[in-house]
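# Observations on chain architecture
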Amino acid sequence: MENTPEKDARLTEALRFCHIVRSYASRDASYRAALRHAFGHPFRTQRTDAWIAFYRAFDQVRLPEGAEEDAYFIAGLICSQGIPSENHLGTPITSVIRNLPDADNPSAMYRLRGILPVHQHELLHKKLFGLIRYLQSRQNVVIHSGYLLNDLLRWNDPSHPVQREWLHRIMGPVAHKHLPVKKEQGSAASPYDADHK
């Protein structure tokens, strides 16, 4: 995948947002608690203390328009999994899945297959929350929040670059060929599209 200034800027801002949340969370127990309790719950249903904590960090970065839901999910993740050191910010979620013991892999892959075709934010976050909780129940791991936020910000791209990257990183170079390309408006829908709206 080729980097462009827009992609680099989005990743930089995603990493910066995560750094700000970690910084506040490491110094302020009430900040960390508000967002930890919000993790996995829809953005629109949260208490005022969680919104205040979230916007304290969000308003300092320039994430793309409409990024609040994804950033909110990630802020909750950061506060729910402890504060990693600046030398090791966590492991990409695809590496965590790829390195699972063989006995745990089928369950993780089942959850992953349920996530890949989802495009509605609230449902995506709910399913991703379940996958993360499963992974954390199987091993003591900190998910790299900046990379995951960057992936969520690109999730609904019509050519599915994130889903293809995840499949490639987890299953190898052949796996991504099984993910259909989203049809243009007016073209015939595939049976896969009808089953996964």
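Before reading further, recall that the structure is shown in the block above.
Definitions and cut-offs
- Residues numbered from 1 in each chain as written.
- Predicted model: local features only at pLDDT ≥ 70, side-chain atom pairs only at ≥ 80, totals over all residues.
- Heavy atoms only, no water.
- Salt bridge = Lys/Arg side-chain N within 4 Å of Asp/Glu carboxyl O.
- Helix = DSSP H or I, 4+ residues; strand = E, 2+ residues; numbered from the N terminus.
- Buried < 20%, exposed > 50% of the residue type's maximum accessible area, 1.4 Å probe, protein only.
- Core = buried A, V, L, I, M, F, W, Y, C linked by side-chain atoms within 4.5 Å.
- Axes fitted to C-alpha atoms, helices over the stretch in contact; angles between N-to-C directions.
- Parallel < 35°, antiparallel > 145°, perpendicular 65-115°, else oblique.
- Contact = heavy atoms within 4.5 Å.
- Nonpolar A, V, L, I, M, F, W, Y, C, P; charged D, E, K, R; others polar.
- Phe/Tyr/Trp six-rings, centres within 6.5 Å; stacked < 30°, edge-to-face > 60°.
- Lys NZ or Arg CZ within 6 Å of the ring centre and 35° of its normal.
- Expected span 1.5 Å × (residues − 1).
- Polar contact = N/O pair within 3.5 Å; in protein donor to acceptor, adjacent residues only side chain to side chain.

With that settled, the discussion passes to the pattern of salt bridges. Tallied over the full model, the rule gives eight salt bridges. Asp28 is the salt-bridge partner of Arg56, the closest N and O atoms lying 3.4 Å from each other. A residue pair is termed long-range when its members are at least 10 positions apart, and Arg56 in helix α3 (residues 48–58) and Asp28 in the loop between α1 (5–27) and α2 (29–38) qualify at 28 residues. For Arg56, a relative accessible area of 36% puts it in the partly exposed group. Across the pair Arg47 and Asp49 runs a salt bridge whose closest N-O atoms are separated by 2.8 Å. On the basis of relative accessibility, which here comes to 35%, the residue Asp49 falls in the partly exposed class. Within this structure, Asp151, Arg154, Glu165 and Arg169 form a network of salt bridges that share partners.

Once that is clear, we can look at the nonpolar core. Phe17, Ile93, Leu128 and Leu148 are the most contacted members of the largest nonpolar core, which has 56 residues in total. By residue number, the principal contributor to this core is helix α4 (residues 68–80), which donates eight residues.

This part covers helix α8 (residues 145–153). Along α8, eight of the nine residues are buried, which leaves the element largely enclosed by surrounding structure. By the burial criterion, the buried members of α8 are Ser145, Gly146, Leu148, Leu149, Asn150, Asp151, Leu152 and Leu153.

As a further point, take the packing of α2 against α3. Two elements in contact, α2 and α3, have axes separated by 8 Å at closest approach and are oriented at 110 degrees. Taken together, the axis directions place α2 and α3 in an arrangement best described as roughly perpendicular. Between α2, through Tyr31, Ala34, Leu35 and Ala38, and α3, the contact on the second element is made entirely by Asp49, Ala50, Ala53, Phe54, Arg56 and Ala57. In terms of residue class, the contact of α2 with α3 is built from eight nonpolar, no polar and two charged.

Another aspect to go through is the packing of aromatic side chains. A complete count under the given rule lists 14 aromatic pairs for this structure. Measuring from centroid to centroid gives 6.3 Å for Phe17 and Phe58, while their planes differ by 80 degrees, and the two rings are edge-to-face. Of this pair, Phe17 sits in helix α1 while Phe58 sits in helix α3, and the two are 41 residues apart along the sequence. Comparing Phe17 with Phe58 shows no difference in burial state: the two are buried. Each ring, one from Phe39 and one from Phe73, has its centre 5.1 Å from the other, and the planes form 50 degrees; the classification is tilted. Note that Phe39 is positioned in the loop between α2 and α3 and Phe73 in helix α4, a separation of 34 residues in sequence. With respect to class, Phe39 is no different from Phe73; both count as buried. By way of ring pairs, the aromatic residues Phe17, Phe43, Trp51, Phe54, Tyr55, Phe58 and Tyr72 are connected into one cluster. Sitting over the ring of Tyr24, Arg56 keeps its end group 4.0 Å from the ring centre.

Glancing now at helix α7 (residues 121–138). For α7, built from 18 residues, the straight-helix expectation of 26 Å at 1.5 Å per residue is met to within 8% by its first-to-last C-alpha distance of 26 Å. Within the span of α7, buried status applies to Leu124, His125, Leu128, Leu131, Ile132, Tyr134 and Leu135. Against α4, α5 (93–98), α6 (105–115), α8 and α9 (161–171) lie the buried residues of α7. Sitting at the amino-terminal end of α7 is Gln120, which places a side-chain oxygen 3.3 Å from the backbone nitrogen of Glu122.

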